[in-house]
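Chain and residue survey
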Amino acid sequence: MIDREYEKDTVSEEETNCRLFLKSSIHEAKMAGKSLFDIVTKAEDEEDDGLGDEIEMMTEALLTKKDGRISVTYKEKTEGLEDVKTSVSFMEDDRNIITVCRGSGGEGFVIEDGKRNFSLYRTPYGIIEMCVYGKKVENTLTEEGGEIAMDYSVELKGMCAQRTKMTIKVTK
């Protein structure tokens, strides 16, 4: 399903072609002996300084509803690199737990409102433990379209944390 082109004649009853607008800002956090929780807690009271990397992208996507799970799948186009397929999904009855899967290997992580989740991140140099702390998740996405806003921090074992604020808007 993820590999098919986004053409009307290939879409089943549970799938809808749509447009996706993604806006993301990424900020590195200074670790200096602090834990990810300390950094995120401190950042809650700070204003966005606007110094992070900002990404905006509009692309075609596939919006799917199956067995109570809503997913939006799209290709991220990165200059100089191969396109990466990304799927953002959640269960209809629990909208504040978002699963993000990237790439052909299905690498993924969970963003859950107010909680820390651990997963493994595969790199060319080996597997690294990753911790994702979901500061805030707001989700109005349905099979008709909508928006997911996420504010989360990622820490890779032994490396600095980064905070990401991302909004995904989906329209038909």
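The paragraphs below set out a description of the structure included in this document. (Residues numbered from 1 in each chain as written. Predicted model: local features only at pLDDT ≥ 70, side-chain atom pairs only at ≥ 80, totals over all residues. Heavy atoms only, no water.)

Some points on the nonpolar core
The condition that has to hold: Among the buried residues, those of types Ala, Val, Leu, Ile, Met, Phe, Trp, Tyr and Cys that are joined through side-chain atoms within 4.5 Å form a nonpolar core. A 1.4 Å probe rolled over the protein chains alone gives each residue an accessible area, and that area as a share of the maximum for its type sets the label: buried under 20%, exposed over 50%, partly exposed in between. Runs of H or I in DSSP of at least four residues are treated as helices and runs of E of at least two as strands, each being numbered from the N terminus. Note on contacts: a residue pair is in contact if any heavy atoms of the two residues lie within 4.5 Å.
The biggest cluster of nonpolar side chains holds 27 residues, and the ones touching the most others in it are L20, I98 and I111. With five residues, strand 9 (residues 146-156) is the single largest residue contributor to this core. Discounting residues that sit within four places of it in the chain, L20 has contacts with M57, M58, T59, A61, V72, Y74, I168, K169 and V170.

Thoughts on the pattern of salt bridges
The following threshold applies: The term salt bridge refers to a side-chain nitrogen of Lys or Arg lying within 4 Å of a carboxyl oxygen of Asp or Glu.
Enumeration according to the criterion identifies seven salt bridges in this entry. A salt bridge links E112 to K115; the nearest nitrogen and oxygen atoms lie 3.6 Å apart. Residue E112 is classed as buried on the basis of its relative accessible area of 16%. Classification of K115 by relative accessible area gives partly exposed; the value is 45%.

Some details on the packing of aromatic side chains
What counts is decided by this rule: Within 6.5 Å between ring centres, the rings of Phe, Tyr and Trp (the latter by its six-membered ring) count as paired, and their orientation is classed by plane angle as stacked under 30 degrees, edge-to-face over 60, tilted in between.
According to the stated counting rule, one finds one aromatic pair in the structure shown. A centroid spacing of 6.0 Å and a plane angle of 45° characterise the contact between F109 and Y152, whose relative ring orientation is tilted. Of this pair, F109 sits in strand 6 (residues 107-112) while Y152 sits in strand 9, and the two are 43 residues apart along the sequence. The exposure class assigned to Y152 is buried, which follows from its relative accessible area of 7%.

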